[in-house]
Amino acid sequence: MMKQIWNGVLLVFALGFSAGATAESSSPQDPKWNLMLVGSELRICSSMNSDYCDNDEWINANEMRTTRLFQLTDVRRRNALRQAIWPRDRETIREEVAVMLTEMVDYFARGVVPEHRLVDRFRSRAYLDLLMRLSDAEYNRILDNLEMPRLEGLDEVVNLAMNADHSADFITQFVAMAESLHGIAHERPARILIITAGERDSFRSVDVHVQAFNQAGADARWLPLDVAVTRAQSINRCQDLEPLRRELSGNYDRDRVNPARHNEQLAYCRDANAWKEMLDNADAVFITGGSADRLKQALVLDNRATPVLAAMQERFGAGTLAVGGAGEGANALVSANMITNGHSREALSAGAIARRPPPVDCNLDNTCPRGMNVNSLTYEPLGGLGFAGFGIVDSDVAHRGRQGRLLRLAAETTTPLAMGIDRDTAVLMNTTNGAFEITGREGVMLLEGAIGSESMLAATFHYLRTGTLGRISAGRLVDAVMAPQEFVRPESTTNRFLGDSGIFDNIDTVCRGRNELRLLQENFELMMRVSDDSELELSRARCQVINGVIGMSIQ
């Protein structure tokens, strides 16, 4: 009986809920993109991030900063282990960490250790069990307190030309967006403000982002706000930035490790109008990743936009400011129903919860709020920063199997359109007319008209890949011109669609002759179907689909 109901729901979608998209018209010739949504955090090639580079032969460790350094001296270990920053019920874990750090002093036979060597030792067989029992907050607490101050005269160096993925392209495209929006190409550099407020340590990626945008031709500056600054200004406690960082972001000793950035942020905090001149002179704002919830806490206070966010929204609405976001920075740009946490398995089985997200690894240190766990799907019904008003946005969707959580949230909130952006992929948008272009490596899944019950969910879906142009309006895709794709051999494939790439890996099965895909994982079933009303693009890569049907159920 359940399967008959399930097939009936899908048939209704196939016959009555098609998007009506067509490939007969294209986006405007000069769309004036004003919004960029990047499906993953920017991976910028630098002397400290050689894994993001095509090669590392250009890196000179004598002239460039190549790693963070940590001290295992008695002072630093005492600071990392002081009882004041460890919960009483984690005393046993604290004592085990104390033994581990003492043993590491003998192992390294010196007081200063590069990050990769320290982390490798953490992950060795001797301490792997302890590491697995440490929460994310505890692990970071240890490293924060052991970290050395930055060495004067040894700076991180960015090399966009050596970037291994599309992050350099996205940066270049965003700079061009800002220039085009203001008609300033070749007249002066585009002035771009970088916001890192979503990151746990809002200082850590400032240099790399500012350098990267400058190398792409911009005049980039850091807007030194975060949740600690916003709180400090609201209660007139700028002198307490460091304890507020500990309380609100869970980071420690940033004033000791990076005094220059701390002093910059302190000066900004003490001048309530410091943001005005910075924003008045800016052509664009780019928001890095981290946590969508933390970003909102930094820019929205007591459910009201802070003055800097209100001014950004006003200029964006007037067409004089371009905005971009990467990873959860993109998730945070929505006007309603901002996704803040969740695994597809938990989303399908337990639904969505309109509460702030649980702490990372809260199951390890007993900090999960009542009625929630580390994988709970949480969202903010009042939205995020208010720049993307067309629906829900989720990032890193294909590789992390987030289609289930996106489908669940769209159905429970009756949101007409939900957009799931893949890793290393970006969407350029004109929020005035709904035009968009997909760029980068992979694609975007659009879900329309999602409906469901506790055990079944279904929606119309479109999967569009890089180079595709389209337009969305009134919660639906109304135009799309699908671009042929170059062949890319999959590195590996899986049928697992909850938290993994099963849907992404098997979408061609729907397109090439079978018209239907069914996958089973545990007691969950996925079904995708195309019909005569669907439009397909079958170049030598994963196919593209307009007006397919997707459904998920619990058996």
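The rules we used
- Residues numbered from 1 in each chain as written.
- Predicted model: local features only at pLDDT ≥ 70, side-chain atom pairs only at ≥ 80, totals over all residues.
- Heavy atoms only, no water.
- Helix = DSSP H or I, 4+ residues; strand = E, 2+ residues; numbered from the N terminus.
- Rg over C-alpha atoms; globule rule 2.2 N^0.38 Å.
- Buried < 20%, exposed > 50% of the residue type's maximum accessible area, 1.4 Å probe, protein only.
- Contact = heavy atoms within 4.5 Å.
- Areas by Shrake-Rupley, 256 points an atom, 1.4 Å probe, with all protein chains shown as cover.
- Lys, Arg positive; Asp, Glu negative; His and termini not counted.
- Charge placed at Lys NZ, Arg CZ, Asp CG, Glu CD.
- Pairing = 2+ DSSP bridges.
- Right-handed = clockwise from strand over helix to strand, strands pointing away.
- pLDDT = per-residue confidence, 0-100.

Engineer: What exactly am I supposed to notice about the overall build of the protein here?
Structural biologist: Counting secondary structure elements, the protein contains 20 helices and 24 strands. Over its C-alpha atoms the protein spans a radius of gyration of 24 Å, differing by no more than 12% from the 24 Å that the globule rule assigns to 555 residues. Dimensions of the protein, computed from C-alpha atoms along their principal axes, come out at roughly 70 × 60 × 50 Å. Counting all 555 residues of the protein, 55% fall into the buried class. Nonlocal contacts in the protein, meaning residues at least 24 apart in sequence, comprise 74% of its contacts between residues at least 6 apart. Accessible surface computed for the protein: about 23,500 Å², of which carbon and sulfur atoms make up 46%. Taking the 59 positively charged and 74 negatively charged side chains of the protein as two groups, their mean positions are separated by 4 Å.

Engineer: Help me out: how do you make sense of the pairing of strand 14 (residues 417–421) in this one?
Structural biologist: Side chains on a regular strand alternate between the two faces of the sheet. Within strand 14, 5 of the 5 residues are buried, which leaves it mostly tucked inside the rest of the structure. As paired strands, strand 13 (residues 392–395) and strand 14 are joined by 4 bridges and run parallel to one another. Among the inter-strand pairings, Ile392 is bridged to a residue of strand 14, identified as Ala418. Read from strand 13 through helix 19 (residues 403–412) to strand 14, the crossover connection turns out right-handed. Pairing between strand 14 and strand 17 (residues 443–452): 5 bridges, direction antiparallel. Along strand 17, the bridge assignment pairs Gly420 with Met445.

Engineer: Even after reading the chapter, I still don't get the confidence of the model for the protein, so can you show me in this structure?
Structural biologist: Residues shown with low pLDDT carry predicted positions that ought not to be read at fine detail. In the predicted model, the protein carries a mean pLDDT of 93, and 95% of its residues have values of at least 70. Segment residues 16–28: pLDDT under 50, and 36 contacts once partners within four positions in sequence are set aside and those in other chains are kept.

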